[in-house]
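These are the residues of each chain, in order.
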Amino acid sequence: MPLMQISALLPNTVLSQDIFENPNSKMPLLKKGTVVSAEYLYGLKRRGISHISVKEAMFTNEDGFVINSKKRDDSLKGMPFEKSRAAVPPKLRKELTAGLCNLHLAIGGKDKDEVVNSINQLADLIADVVEFLSEDPTAPLNITSLQSDHEFVYAHCVSVAVLSLAIGQSMGLSTYELMQLGRCAILHDLGKLMIPAEILLKTEELTLEERMKLRTHCELGYDCLKMWNVCTENERLAIFSHHERLDGSGYPEGLTSEKIPMWGKIVAVAEVYDAMTNPHPPAKAESPTMTREYLIAHANKYFDPKVVLALHKRVEFYPLGCFVEISSGHYALVTSSKNRLRPVVKVMGLNNEIDLKESRNSDITINRIVSYKEALKRN
Ligand SMILES: [Fe+2]
């Protein structure tokens, strides 16, 4: 039953005790067992309450991963493979996650000034990501470092922002354009912060009604930014159109190729890559190879081929040091990623190395990338 500082918590934390405004209050503000939403967290902060007792807390650890308090001791610090994991520095990733959480709380509290502040802070952090990526614009991007066992939408937004920027950089966008692209990419699922958590975090298949509700997040994000007069119209339109597809089969409006803004097309590819390789729940993950195949197969139909090509050029699909599940069901560590799609892997438990590019190993496929925690738990 840890007593946690409110500023360190994320929405969806469960209370283990009633919360009273002051020691003389008879009626609790919130009752034990309440799942504390963004709106509640914002309200508690505003009332000067700094600590609460929680049963199950959601917060970010020192590496910037969104984790559950029960997993706090599951530290992987000091493992040698950690050195290969930097796509963006963990501190920056943590700041982006915290920035999204602040924005979530501000929206929950319907506080316009705070919303504008949070978005400006996120824009500053996007500038840091652009600067970081510009240090080596051709280096393969180790996107698996963005994986997280999160139960929330923040980690996805951060991944999509970094991927979109890497794609934009590969396509030769200017720093000014990258800043705008990064801003709409980090905010692309802003509307999801207004969707009930029961739908957002549901692991079973959504009903038709729930799916339709979830689909409204494109308009919700656009309307929210428009109402508060935040971001340029181009940025808002990219957020509005990130689920549109070239052949008109997307939503919310079924726009076709030439009507979809370029930034919307870039965010769409980054969004699908992250959603397929790093979904919730993680067991449903597709391998980067399969995801790449899907994007290539649907280039021209759903996705802009220039954008898909840019992603292919920039992403390191199986970075050195990442864990994968192979078709035999074993977990394996990538020990050489010179061949981007068929790496050399060391099978855990068996301890032998397999070079997947050799023809005798052509029957062995990679099912998915798995998190470090999952791989270590099994072995
Ligand atoms: Fe979305």
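Residues numbered from 1 in each chain as written. Predicted model: local features only at pLDDT ≥ 70, side-chain atom pairs only at ≥ 80, totals over all residues.

Colleague: Teacher, can you tell me more about the overall build of the protein here?
Modeller: Secondary structure assignment for the protein yields 13 helices and 13 strands. Here the protein, with 379 residues, has 44% of them falling under the buried criterion. Across the protein, the fraction of contacts at a sequence separation of at least 24, relative to all contacts at a separation of at least 6, is 65%. (Helix = DSSP H or I, 4+ residues; strand = E, 2+ residues; numbered from the N terminus. Buried ≥ 20, exposed ≤ 12 C-beta atoms within 10 Å, placed from the backbone. Contact = placed C-beta atoms within 7 Å.)

Colleague: Got a minute to help me understand the nonpolar core in this structure?
Modeller: One recurring pattern in soluble globular proteins: nonpolar side chains tend to sit buried together. Core analysis: the largest hydrophobic core is formed by 93 residues, its most contacted members being Ala-161, Ile-167, Val-269 and Val-324. Top contributing element to this core by residue count: helix α4 (residues 154-170), with eleven residues. For Val-324, the contacting residues outside a window of four places in its chain are Tyr-318, Ala-332, Val-334, Val-345, Ile-366, Arg-368, Ile-369 and Val-370. (Core = buried A, V, L, I, M, F, W, Y, C linked by C-beta atoms within 7 Å.)

Colleague: What's the story with the packing of helix α3 (residues 112-134) against helix α5 (residues 175-186) in this structure? I'm lost.
Modeller: The packing of two helices is summarised by the inter-axis angle and the distance between the axes. Relative orientation of the contacting elements α3 and α5 amounts to 125°, with a least axis distance of 9 Å. With respect to α5, the axis of α3 lies oblique. The chirality of how α3 crosses α5 is right-handed. Contacts from Leu-122, Ala-123, Ile-126, Ala-127, Val-129 and Val-130 of α3 reach α5 at Thr-175, Leu-178, Met-179, Gly-182, Arg-183 and Ile-186. Each residue belonging to the contact of α3 with α5 can be placed in one class, and the counts come to nine nonpolar, two polar and one charged. (Axes fitted to C-alpha atoms, helices over the stretch in contact; angles between N-to-C directions. Parallel < 35°, antiparallel > 145°, perpendicular 65-115°, else oblique. Left-handed = near helix turned anticlockwise from the far one by under 90°. Nonpolar A, V, L, I, M, F, W, Y, C, P; charged D, E, K, R; others polar.)

Colleague: Please explain the environment of Leu-190 as it appears in this structure.
Modeller: Summarising the element assignment, Leu-190 is placed in the loop between α5 and α6 (197-200). You can call Leu-190 buried: it has 28 C-beta atoms within 10 Å. Remark: the alpha-carbon pair of Leu-190 and Ile-107, spanning 83 residues in sequence, is separated by 9.6 Å. Beyond its immediate chain neighbours, meaning those up to four positions away, Leu-190 contacts Gly-221, Cys-224 and Ile-239.

Colleague: Would you mind showing me how to read the pairing of strand β13 (residues 366-370) here?
Modeller: Across a regular strand the side chains alternate sides, sitting on one face of the sheet and then on the other. Burial analysis of β13 places four of its five residues in the buried class, which makes it a mostly covered element. Note that strand β9 (residues 323-326) and β13 share four bridges and pair antiparallel. Across the sheet, residue Phe-323 finds its bridge partner in β13, namely Val-370. (Pairing = 2+ DSSP bridges.)

Colleague: How do you make sense of the sheet that holds strand β12 (residues 353-355) when you look at a structure like this?
Modeller: Taken in spatial order, the five strands make up an open sheet running β12-β11-β10-β9-β13, and their pairing is antiparallel. Two strands lie at the open edges of the sheet, namely β12 and β13, each paired on one side alone. Across this sheet, the average inter-strand angle for adjacent strands is 40°, counted without regard to direction.

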